[in-house]
Amino acid sequence: MKTLALFVSVSVLSCAALLSGTIQTPQVEPADIVFKNANVYTANDAQPKAEAIAIKYGRIVFVGSNADAKKYESKKSANVRDLKGATVVPGMADAHYHFSGVGFREMNLNLEGTVSLDDFLAKVKARVDKAKPGEWITGRGWIETFWKPQAFPTRWDLDKIAPANPVFLTRADGHGAVVNSVALQLAKIDKNTESPFGGEIMQDKQRGEPNGMLLDRAQALVSRNIPSATKAEFEQALLLADKRSTSLGWTQVQDAGVGWDQIELVKKLYGEQKLKIRLYEAIRGPGADAQRLLREGAQIGLYDGKLTIRTIKVSIDGALGSKGAALLDNYADHDTNGFLTFKEEQVVPMLEEALKKTIQVETHAIGDRANRTILDWYETAFNDVPMILRMDRNPPRWRIEHAQILSPTDIPRFAKLGVIPSMQPSHAIGDLHFAPSRLGMKRLEGAYAWQTLIKSGVVIAGGSDAPVERGEPMIEFYAAVARKDQKGFSGEGWHPEEKVTREQALKMFTTWASYAAFEEKQRGTIEPNKWADLTILSADIMQIPEAEILKTKCVMTVIGGEIVFDAIGKK
Ligand SMILES: [Zn+2]
């Protein structure tokens, strides 16, 4: 009897609530911030476009029309920003980045975009003029591809502007450096010094002397004399990287191979609320650093989801430019087929342990032999470790970084094994100037094969590999959709059919990058309940002519509901 009475009174109450609800619009809590009058691309297929976004407690609470967003505005608490038609996309993520490298490039001498030898020397001279005698001058980012003549700088060029300071300037790809005579003398390198294994001390043929260019492992002969960065310098580099990355529109970068010293510093800076960007860290392996991650386990979503450490980064070959990429057949322009940097027994036991312990693995593989080898090793690990031995039975989402040159027979193996290709569009538009001569026309069929991979049933995580490349979202987006260099050039046989659509390119740097980090439920699209990560742009990159994509700027970056970069200014 009592039970029945209670039931009746509850029903009466809910009826009353329902009735009042039909008279009054239900109240919503005011948002912390409302963006309106925006051209929103959500990357969410269920609701692709919108005008307004409301954010509360760092998450998106509303996506829709300006009119419907009104109810989230409140004079008291809502910060309403009129975006005046600016384009908003989900917070862009770079799936392959070297965060501290970007910072050190800023801190030392950033030589990106030098257009000629004279320009390069002028930039270096300005730095030398400010240096104390004997102080090292280090820098990175030059590339001679567009200089006339297209030739490496030499020690003698540098000696003219830096007679008293040792100079070490890394080429953009990190596989070569030019040094001056002071640096060579400190390293005791002369015409009789033999090139080390895996590297070359280049010589001037006429003079019979080292010309200052050091390739691959020869760089260490000089770089080991450069005093290593202090903790304070390391910290400064991380802060510079944060500033540069967020101001370009990156809301997360996935760091491809770091040590625990960097993790410690990053944690300190997050604790002090000095780092704004989200970092997804891969620890270098195989070796002691990777073993520590396997022992201690992944650390996921620290500092309000800003920091995750759950991946091991392995590198199993070199790069195409310096002929270190491991190919199945010889280079078309060289009597060698590159080299693998690890043996199976050094890597596979670590892979199997990672699989048991739910640690993700990502492996640098450029050449077709390197890609086939790592697919084989992944497959061996998957077969050797049955589900019953795994802590997590979901797909492990292992990745191959670069996946540049693939034998067509290996392409379907990515989907079959659940391996994610993590690729850098800017590599393709830089490499198009030398890849055809390195590889010959036939092998270009499986090179940078974005569309074929997507059609095979995988997602591609998009990245820049900065500071190997410049690390700018608009360059990457352009490269993915144009598949031409920044001047609009693309050589014969460069397979334009492998370019991607703008929708696909957007996904590479949003949802698909978040999938590669197990975060597709948290970010990657603009929809309610996701983290409020937004990249706001000066132009509509989904519509404007291709060449204008390169002129597009990030005007605002929002991470977890916080405006971390604002070039619009409050109105
Ligand atoms: Zn890299």
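Attention here is on the structure that accompanies the text. Note that this is a predicted model, so its numbers are computed, not measured.

Calculation rules
Residues numbered from 1 in each chain as written. Predicted model: local features only at pLDDT ≥ 70, side-chain atom pairs only at ≥ 80, totals over all residues. Heavy atoms only, no water. Helix = DSSP H or I, 4+ residues; strand = E, 2+ residues; numbered from the N terminus. Rg over C-alpha atoms; globule rule 2.2 N^0.38 Å. Buried < 20%, exposed > 50% of the residue type's maximum accessible area, 1.4 Å probe, protein only. Contact = heavy atoms within 4.5 Å. Areas by Shrake-Rupley, 256 points an atom, 1.4 Å probe, with all protein chains shown as cover. Lys, Arg positive; Asp, Glu negative; His and termini not counted. Charge placed at Lys NZ, Arg CZ, Asp CG, Glu CD. Salt bridge = Lys/Arg side-chain N within 4 Å of Asp/Glu carboxyl O. Polar contact = N/O pair within 3.5 Å; in protein donor to acceptor, adjacent residues only side chain to side chain. 1 Å grid on protein atoms, 1.4 Å probe; cavity = no way out; pocket = protein on both sides within 12 Å on 5 of 7 lines; lining within 4 Å. Points joined across faces, edges and corners; volume = space filled by probe spheres on them. Nonpolar A, V, L, I, M, F, W, Y, C, P; charged D, E, K, R; others polar.

Assigned secondary structure in the protein chain consists of 21 helices and 24 strands. Relative to its length of 571 residues, the protein chain is compact, with a C-alpha radius of gyration of 26 Å against a globular reference of 25 Å. Viewed in the frame of its principal axes, the protein chain has a C-alpha envelope of about 105 × 55 × 45 Å. Looking at the protein chain as a whole, 54% of its 571 residues are labelled buried. In the protein chain, the proportion of contacts linking residues at least 24 apart, taken out of those at least 6 apart, comes to 72%. Accessible surface, the protein chain as shown: approximately 25000 Å² in total, 54% of it carbon and sulfur. Of the side chains in the protein chain, 72 bear a positive and 71 a negative charge, and the two mean positions are spaced by 5 Å.

With that settled, the discussion passes to the side chain of Asp 540. Along the chain, Asp 540 turns up in the loop between strand E22 (534–537) and helix H21 (546–549). For the buried residue Asp 540, which engages in no salt bridge, the nearest side chain bearing the opposite charge is Lys 49, 5.5 Å off. A distance of 3.1 Å separates polar atoms of two side chains, one belonging to Asp 540 and the other to Asn 39. In contact with Asp 540, not counting residues within four places along its chain, are Asn 39, Tyr 41 and Thr 87.

The next thing to look at is the layout of surface pockets. Computed from the structure, the second largest pocket encloses a volume of approximately 350 Å³. In terms of residue class, the lining of the second largest pocket is built from six nonpolar, three polar and six charged.

Our next topic: empty space enclosed by the protein. Tallying each qualifying case throughout the model produces one cavity of 30 Å³ or more. For the largest cavity, the calculated volume is near 100 Å³. Along the wall of the largest cavity there are 13 residues; nearest its centre are Thr 358, Asp 392, Asn 394, Pro 395 and Pro 396. In terms of residue class, the lining of the largest cavity is built from seven nonpolar, three polar and three charged.

Along the chain, the position of Asp 255 falls in strand E14 (residues 250–258). Asp 255 sits 58 residues away from Lys 313 along the chain, and the two C-alpha atoms are 9.3 Å apart. If we ignore the near neighbours within four places in the chain, the residues touching Asp 255 are Tyr 97, His 98, Phe 99, Gln 262, Tyr 280, Glu 281 and Ala 282. Of the polar contacts made by the side chain of Asp 255, one reaches the backbone nitrogen of Phe 99; its length is 2.9 Å.

Moving on, we come to helix H18 (residues 473–482). Burial of H18 is extensive: ten of the ten residues sit out of reach of the surface. Considered for burial, the residues of H18 that qualify are Pro 473, Met 474, Ile 475, Glu 476, Phe 477, Tyr 478, Ala 479, Ala 480, Val 481 and Ala 482. One or two residues past the end of H18 sits Arg 483, with phi positive at roughly 55 degrees.

Limitation: the analysis is restricted to geometry and does not speak to function.
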